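# Summary of the model geometry
Each chain, letter by letter, is given below.
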Amino acid sequence: MTYLLFLSIGFAIIWLAINIKEEVYRISALIMGTLISIWGFSLSPTSFQVLIELAGVVSVFSFCVRCWSKD
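Calculation criteria
Residues numbered from 1 in each chain as written. Predicted model: local features only at pLDDT ≥ 70, side-chain atom pairs only at ≥ 80, totals over all residues. Heavy atoms only, no water. Helix = DSSP H or I, 4+ residues; strand = E, 2+ residues; numbered from the N terminus. Rg over C-alpha atoms; globule rule 2.2 N^0.38 Å. Buried < 20%, exposed > 50% of the residue type's maximum accessible area, 1.4 Å probe, protein only. Contact = heavy atoms within 4.5 Å. Areas by Shrake-Rupley, 256 points an atom, 1.4 Å probe, with all protein chains shown as cover. pLDDT = per-residue confidence, 0-100. Expected span 1.5 Å × (residues − 1). Arc of directions from axis to C-beta. Patch = residues over 30% accessible without salt bridge, like charges linked within 9 Å, V, L, I, M, F, W, Y side chains within 5 Å. Salt bridge = Lys/Arg side-chain N within 4 Å of Asp/Glu carboxyl O. Axes fitted to C-alpha atoms, helices over the stretch in contact; angles between N-to-C directions. Parallel < 35°, antiparallel > 145°, perpendicular 65-115°, else oblique. Left-handed = near helix turned anticlockwise from the far one by under 90°. Nonpolar A, V, L, I, M, F, W, Y, C, P; charged D, E, K, R; others polar.

Let us look at the overall build of the protein. In terms of regular secondary structure, the protein is built from 3 helices and 0 strands. When the helices and strands of the protein are placed in sequence order, the string is α-α-α. Its C-alpha atoms give the protein a radius of gyration of 16 Å, clearly above 11 Å, the size a compact globule of 71 residues would have. Based on the C-alpha atoms only, the size of the protein along its principal axes is roughly 40 × 35 × 15 Å. Counting over 71 residues, the protein shows a buried share of 15%. Within the protein, residue pairs in contact and separated by at least 24 positions form 46% of the contacts whose partners lie at least 6 positions apart. When the accessible area of the protein is evaluated, it comes to approximately 5,700 Å², of which 76% is carbon and sulfur surface.

And the structure:
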């Protein structure tokens, strides 16, 4: 269950970084939040990783299909 802790901390830092006005602090907080989120994702169970990967593939595929239909 430590992966949930890392994922929540990482996403909280990313959310905080979006609200920061200073650019240097924003960039450093985004990098730190991204690294912690990746760490939490790598610690998560395989079924959770596959679920997130499938959701990403489906969302990108649906976006690509909409782009192809406009041509």
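Structure's up, so let's keep going.
You can see Ser 44 is positioned in the loop between helix H2 (23–43) and helix H3 (46–70). Excluding anything up to four places from it in sequence, Ser 44 contacts Tyr 3 and Gln 49.

Now for the confidence of the model for the protein. Per-residue confidence for the protein gives a mean pLDDT of 89; residues scoring 70 or more make up 97%. Of all helices and strands in the protein, the one with the weakest mean pLDDT is H3 (84), whereas H2 scores best (94).

Over its 21 residues, H2 runs 30 Å from end to end, which matches the ideal 30 Å to within 8%, given 1.5 Å per residue. Residues of H2 that are buried make contact with helix H1 (2–19).

This next bit is on H1. In this model, H1 (18 residues) spans 26 Å end to end at C-alpha, consistent with the 26 Å of a helix rising 1.5 Å per residue. Those residues of H1 lying buried are Tyr 3, Leu 7, Gly 10, Ile 13 and Ala 17. Along the long axis of H1, the arc covered by the buried residues comes to 130°, so they all point the same way.

The grouping of Ile 27, Ile 31 and Leu 35 at the surface amounts to a nonpolar patch, some 300 Å² of accessible area in total. Structurally, Leu 35 can be placed in helix H2.

Moving on, we come to the packing of H1 against H2. Two measures define how a pair of helices packs: the angle their axes make with one another and the distance between the axes. At a closest axis distance of 7 Å, the pairing of H1 and H2 adopts a crossing angle of 160°. Here H1 lies roughly antiparallel to H2, going by the angle between them. Crossing of H1 against H2: the hand is left-handed. Two secondary-structure elements touch here, H1 through Thr 2, Tyr 3, Phe 6, Leu 7, Ile 9, Gly 10, Phe 11, Ile 13, Ile 14, Ala 17 and Ile 18 and H2 through Arg 26, Ala 29, Leu 30, Met 32, Gly 33, Thr 34, Ile 36, Ser 37, Trp 39, Gly 40, Phe 41 and Leu 43. Tallied by class, the residues present in the contact of H1 with H2 amount to 16 nonpolar, 6 polar and 1 charged.

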